[in-house]
Number of protein chains: 2
Amino acid sequence: MASIKPSVPKGTRDFSPVEMVKRNYIFDTIKSVFRKYGYQQIETPTMENSETLMGKYGDEGDKLIFKVLDSGEFLEKANTIKALKDLLKLVSETFEQRQLQESALNQISKEQLDSFKSMIDSAKFGQNEIEQKLSSFINTSLTSKHLIKEISEKALRYDLTVPFARYVVQHQNEITFPFKRFQVQPVWRADRPQRGRYREFYQCDADVVGSDSLLNEAEFILIYDEALGKLGLKDFTIKINNRKILSGIAQIIDKADNIIDLTVAIDKLDKIGLDGVTKELIERGFTEADIEKIKPVILLQGTNAEKLQSLRQALSQSETGLKGCDEIETVFKYIESCPLQTATLELDITLARGLNYYTGAIFEVKTNEAAMGSIGGGGRYDDLTGMFGLKGLTGVGISFGADRIYDVLDELNLFPTASTQSTQVLICNFDKEGETYGLPLLQQLRRQNVNAELYPAGAKIKKQLDYANNKNIPYTVVIGGDEIETGLLTFKDMASGVQEKLSVDEIVKRMVG
Amino acid sequence: MASIKPSVPKGTRDFSPVEMVKRNYIFDTIKSVFRKYGYQQIETPTMENSETLMGKYGDEGDKLIFKVLDSGEFLEKANTIKALKDLLKLVSETFEQRQLQESALNQISKEQLDSFKSMIDSAKFGQNEIEQKLSSFINTSLTSKHLIKEISEKALRYDLTVPFARYVVQHQNEITFPFKRFQVQPVWRADRPQRGRYREFYQCDADVVGSDSLLNEAEFILIYDEALGKLGLKDFTIKINNRKILSGIAQIIDKADNIIDLTVAIDKLDKIGLDGVTKELIERGFTEADIEKIKPVILLQGTNAEKLQSLRQALSQSETGLKGCDEIETVFKYIESCPLQTATLELDITLARGLNYYTGAIFEVKTNEAAMGSIGGGGRYDDLTGMFGLKGLTGVGISFGADRIYDVLDELNLFPTASTQSTQVLICNFDKEGETYGLPLLQQLRRQNVNAELYPAGAKIKKQLDYANNKNIPYTVVIGGDEIETGLLTFKDMASGVQEKLSVDEIVKRMVG
């Protein structure tokens, strides 16, 4: 039987050794910066109770959550299926009752006809009832939406934020607040897979709960700066906005529902000019008067300080808007004390991600070296744990888009060429005797913490050297009859091709030094 | 509305910061040893196609695999449900047909009675057919076992071995053989949760495919020795056996099916003596003649070399058995060249795990310092990838039982007390001014790669010091009015309670040095 080549589910991926080294490089770098800033790692289970996740991501999100079937006889225990079986039994019984009536019909006398008719009448009632039940059952009970609650009580993690909120509430008595945690784990979404969008992907989040200090916002900017700088990015922008500024703008023109329309239009100023933006805003239902009021917002430009000043003027009638300006300014002051090494920090009032939940700062990070969407984002949410009944705990957090960062580093050739994770030297041999001779060298190298391999005896030298090349092993040692006789082994730098004759001790020294 | 305290699904766990540091310590240690021996990391997706997993772990295993519901309208697309809906429609139609007949009955004349009866007869056929269909449907189609294939095409990884075999076959053209890979990822089993047994737990595997050299077996013994030694274990035993020896024993007494019974009985020799073992073997269906033949096997003792010699004698009539002895001896010779640092290596012919798939070496590791089952195991399987159509690739691998190792290290107090992963110093302050004063110190420390935190202004000093204690932060700096005036900050060793007045530079020097 010819078997089909096995595959992975669409939207999911295997990671090869080469990819894993690169992924570990990204994750390890980000984790080390999180730790430097006092963030502690936690992990939560892959599966959460469905009630923990459902309803937290909107109707569209609910549909994208992968549900796990209850184990065992999931169907037999479902009430819907029990009801269906009862219904089918009723149908069977009704049929049998009818069959009795039919056999009665075969022996019918004129006198029995009336009583038979009344039997029919009473049976008809049951029959109509069954028909109604069947129809209602098909339309309301026998649907995915209804049945799912009876056959699935667990689901795969959809993001790291909701499980974190659940964690905080569940473990509130063990936690010291402010609680600074980071979490690097995969999440799953039943999205339509496409280039760069996967059904399983890692999220890389840091959040702090229980502190409303804007120092936290400033530190997240520093974390982005340090981590992305460490990864070799040389030109990237950390955009910051504040939900309260957006609320302020909406307030002064009384158009809270159209704030997204507004930011989308303003964002096009560079491309289509003030006239274009005005035209678009009018098409989207804003009035000339509205536009006059927010013109300073549309034309916002200059340094962050200049932008803030214009905003304060435009929002002078909105207490909320001014509060937003204050918050942004405080963050800027922190950053002045702790200047950024690489990143550009930019106040961008068109930044409107996460308006459903963010209540203060909003962040987004973009690289200017490659065409790529945002490689990070986050913000503050004033009531993170309210959904699990713990009110009034404020939180702020950021996320790194690991897959996109991977693509950017690949495109810009920023991954380190040498990895300390891979084998540093391969000991090759012509035969069993060479293998035996190589064992003590192998042990000496490993004792000195050099990643080393001995190719098992029995393969041609070419195959062994190919193995070294394919695994990117930088050095090889070849042990043949001559080498054993002289005690001088052939040591080869695989990149340059240079060969030397070295003793065991010299090789160890070379590899350690 | 009072909300219920949220929880995780039974058999799954959250890992707190303290637990994560300990878990990372175990995983990082094992990974570093895997890498030192030339093993490369891969990762496979959490979800595999059901056909990849089902049928690979026996019927019991199949039941323990968590199945993921297809996303979207999973029920509506299932053929079983389509068939059911058709059936219910047929029932409805039959009922309607019957209703017409009944209204005919109300206007019945003697002449029409015959034609009515024949209508009944023809309808009865359809009705019987429906009843049959209903009954067969309920019994065969409307079952979990049947429906599951139509509503779930993906499942959660049950172990790391089958996904690895799938990986090797899928990527065979990109892989350089021998392929030495390690993999540290969670797996899921719908087992009944109990103490020490979880529904989600990490496996920690290394395997090599495409090399039949017994050097690999020897290196796995060295890996166990080095990794568990590094973790601080001082007394543990690596047991080794060979499937071919067990086959040889079965061969000489012609009892291949009873090999487990045999090993279980022999294992009790220390407790119940030769008479006890003999009695038990006879109860389990072995004859006196059998027992006479295998007496040297039952009484096997002495050094590994002595055991091997006795085995060779006992198995002299079994080619397979002698091959097993040769293999074990070769492994022992390798270990003589590369002596173990900590572990005891023991030939144990009662070791019979994985007999369904292992064809050569069998390993198991036990600590002698704590009461705990095996903390590791593995073996060789001659046809790892055959299940996916790639025949003749031999593999050998081992696994570390991370959860049990965690419990052992905890019990023996072997986790390092200080972790480089946690915050090293917390800067405390009395007010906003102190916070501002602390910012440059904070930045200097972080520039020198010291994990450092500044407590946001506005909290009492006691709260800040409690925070340091709860997070096990070893040093604190306190900045008040005096400190700002003199430039000498209060530096405190939290363990000893010793306080000093130090300048910013001195503090940085102290923390870096």
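This write-up is about the structure you can find in this document.

**Describing the overall build of chain A**
When helices and strands are tallied, chain A shows 19 helices and 16 strands. Relative to the compact-globule value of 24 Å for 513 residues, chain A shows a C-alpha radius of gyration of 34 Å, a clear excess of over 25%. Dimensions of chain A, computed from C-alpha atoms along their principal axes, come out at roughly 120 × 75 × 50 Å. Among the 513 residues that make up chain A, the fraction classed as buried is 57%. The contacts in chain A between residues at least 6 apart in sequence include a share of 69% that link residues at least 24 apart.

**Things to note about the interface of chain B and chain A**
Each side of the interface is counted separately: chain B has 125 residues, and chain A has 125 residues. Counting the surface lost from both chain B and chain A, the interface buries some 11200 Å², and carbon and sulfur atoms represent 59% of this. At the boundary of chain B with chain A, the tally comes to 6 salt bridges. R446 of chain A is the partner of E219 of chain B in a salt bridge, and the nearest nitrogen-oxygen pair spans 3.0 Å. If you look at where chain B meets chain A, you find 42 residue pairs in polar contact (both at pLDDT 80 or more). Counting residues per element, the side of chain B that touches chain A draws most heavily on helix α4 (residues 79–106) of chain B, which supplies 14 residues. Per-class residue counts for the side of chain B that touches chain A are 55 nonpolar, 38 polar and 32 charged.

**Concerning the relation of the copies chain B and chain A**
Taken as rigid bodies, chain B and chain A are interconverted by a rotation of 180 degrees and an axial shift of 0.0 Å, the fit giving an RMSD of 0.1 Å. The superposition of one copy onto the other is thereby described by a two-fold rotation axis. Scanning chain B for the C-alpha nearest the rotation axis identifies V68 of chain B, at a separation of 2.2 Å. Most of the interface of chain B is mirrored in chain A, where 100% of its interface residues again form contacts.

**Some thoughts on the packing of aromatic side chains**
Residue and element names in this part refer to chain A. Under the counting rule described, the total for this entry stands at 28 aromatic pairs over all chains. Measuring from ring centre to ring centre gives 5.2 Å for Y455 and Y467, while their planes differ by 90 degrees; the resulting arrangement is edge-to-face. With Y455 in the loop between β13 (452–454) and α17 (461–470) and Y467 in helix α17, this pair connects stretches of sequence that are 12 residues apart. Summarising the burial analysis for this pair, Y455 and Y467 share the class buried. Ring pairs connect the aromatic residues F34, F182, Y224 and F400, which therefore count as one cluster. Against the face of F15 rests R23, its NZ or CZ located 3.7 Å from the ring centre. Stacked on the ring of Y158, the Lys or Arg R189 has its end atom at 4.2 Å from the ring centre.

**Observations concerning the sheet that holds strand β5 (residues 179–188) of chain A**
All names here are of chain A. Strands sit in the order β1-β5-β6-β11-β10-β9-β7-β8 across an open sheet of 8 strands; the sheet is mixed. Two strands bound the open sheet, and with one partner strand each, they are β1 (40–41) and β8 (344–347). Bridge count for strand β9 (residues 361–367) against strand β10 (residues 376–381) is 4 bridges, and the pairing is antiparallel. Paired with F363 across the strands is G378, a residue of β10. Contacting β7 (236–242) and β8, helix α14 (residues 319–337) crosses the sheet at an angle of about 145 degrees to β7.

**Overview of the pairing of β9 of chain A**
All names here are of chain A. Most of β9 is tucked away, with 6 of its 7 residues classed as buried. As paired elements, β7 and β9 share 7 bridges and run antiparallel to each other. Bridge pairing in β9 links I240 to F363.

**Focus on the pattern of salt bridges**
For the structure shown, the criterion picks out 64 salt bridges over all chains. The shortest N-O distance in the salt bridge between K180 of chain A and E453 of chain B comes to 2.9 Å. Within this pair, whereas K180 of chain A is found in strand β5, its partner E453 of chain B is found in strand β13 (residues 452–454), the two belonging to separate chains. The pair K180 of chain A / E453 of chain B is uniform in exposure class, with both members buried. Two residues, R312 of chain B and D326 of chain B, come together in a salt bridge whose shortest N-O distance is 2.9 Å. Taken together, the positions of R312 of chain B in helix α13 (residues 304–314) and D326 of chain B in helix α14 (residues 319–337) put the pair 14 residues apart, joining distant regions of the chain. Taking relative accessible area as the criterion, D326 of chain B reaches 38% and is therefore assigned partly exposed. Residues participating in the shared-partner salt-bridge network are K180 and E219 of chain A together with R446, E453 and K471 of chain B.

Criteria and cut-off values
- Residues numbered from 1 in each chain as written.
- Chains lettered and ligands numbered in written order.
- Predicted model: local features only at pLDDT ≥ 70, side-chain atom pairs only at ≥ 80, totals over all residues.
- Heavy atoms only, no water.
- Helix = DSSP H or I, 4+ residues; strand = E, 2+ residues; numbered from the N terminus.
- Rg over C-alpha atoms; globule rule 2.2 N^0.38 Å.
- Buried < 20%, exposed > 50% of the residue type's maximum accessible area, 1.4 Å probe, protein only.
- Contact = heavy atoms within 4.5 Å.
- Buried area = accessible area lost by both parts, 1.4 Å probe.
- Salt bridge = Lys/Arg side-chain N within 4 Å of Asp/Glu carboxyl O.
- Polar contact = N/O pair within 3.5 Å; in protein donor to acceptor, adjacent residues only side chain to side chain.
- Nonpolar A, V, L, I, M, F, W, Y, C, P; charged D, E, K, R; others polar.
- Least-squares fit on C-alpha atoms with pLDDT ≥ 70 in both.
- Phe/Tyr/Trp six-rings, centres within 6.5 Å; stacked < 30°, edge-to-face > 60°.
- Lys NZ or Arg CZ within 6 Å of the ring centre and 35° of its normal.
- Pairing = 2+ DSSP bridges.
- Axes fitted to C-alpha atoms, helices over the stretch in contact; angles between N-to-C directions.

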